[in-house]
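Overview (structure and organization)
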Amino acid sequence: LIYNDKKLINVGAWFYKNQTKFDQYNSVEKVIILGHSLGDCDIPYFQEIEKRISSRATFEISYYDDSNKQNLQNQFSKFKGNHAVYFKKIKEFCK
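Here we summarise the structure given alongside this text. (Residues numbered from 1 in each chain as written. Predicted model: local features only at pLDDT ≥ 70, side-chain atom pairs only at ≥ 80, totals over all residues. Heavy atoms only, no water.)

1. Comments concerning the pairing of strand E4 (residues 58-63)
A large share of E4 lies buried, amounting to six of its six residues. Along E4, one buried face is formed by Thr 58, Glu 60 and Ser 62 and the opposite face, lined by Phe 59, Ile 61 and Tyr 63, is buried too. Sheet topology places strand E3 (residues 30-33) next to E4; four bridges connect them, and they run parallel. Each residue of the ladder has a partner; that of Ile 32, found in E4, is Glu 60. (Buried < 20%, exposed > 50% of the residue type's maximum accessible area, 1.4 Å probe, protein only. Helix = DSSP H or I, 4+ residues; strand = E, 2+ residues; numbered from the N terminus. Pairing = 2+ DSSP bridges.)

2. What about the pattern of salt bridges?
Counted under the stated rule, the structure contains seven salt bridges. Residue Arg 56 is joined to Glu 29 by a salt bridge in which the shortest nitrogen-to-oxygen separation is 2.9 Å. Here Arg 56, found in the loop between helix H3 (43-52) and E4, pairs with Glu 29, found in the loop between helix H2 (19-23) and E3; they are 27 residues apart in sequence, far enough to count as distant. On the basis of relative accessibility, which here comes to 59%, the residue Arg 56 falls in the exposed class. With a shortest N-O distance of 2.7 Å, Lys 78 and Asp 40 are connected by a salt bridge. Remark: Asp 40 occurs in the loop between E3 and H3 and Lys 78 occurs in the loop between helix H4 (66-76) and strand E5 (84-89); sequence separation between them is 38 residues. Lys 78 sits in the partly exposed class, given a relative accessible area of 43%. Through salt bridges that share partners, Asp 23, Glu 48, Lys 51 and Arg 52 make up one connected network. (Salt bridge = Lys/Arg side-chain N within 4 Å of Asp/Glu carboxyl O.)

3. Notes on the side chain of Ser 62
Examined against the element boundaries, Ser 62 turns out to sit in strand E4. A distance of 2.9 Å separates the side chain of Ser 62 from the backbone nitrogen of Gly 35, its partner in a polar contact. (Polar contact = N/O pair within 3.5 Å; in protein donor to acceptor, adjacent residues only side chain to side chain.)

What follows is the structure, encoded as structure tokens:
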């Protein structure tokens, strides 16, 4: 169970309910994360995505400044498997 803002979420039940959708992620080869804090309450969701995407998939994660980048790197390390990850300033995604 995860407490998220004002409610308690049973993550296991949520994944079970959405299993069909998650099982379709096996052909995903790039995950782009824009403007996300990767908070502790989000980690179980990203762990499930990370487990189901292609082994060749990469992550591209946006950040605003160097302190934000360090925090995102720390959070991402909590669930990163063997996928390559690239941190890019948010402006690079807007080109």
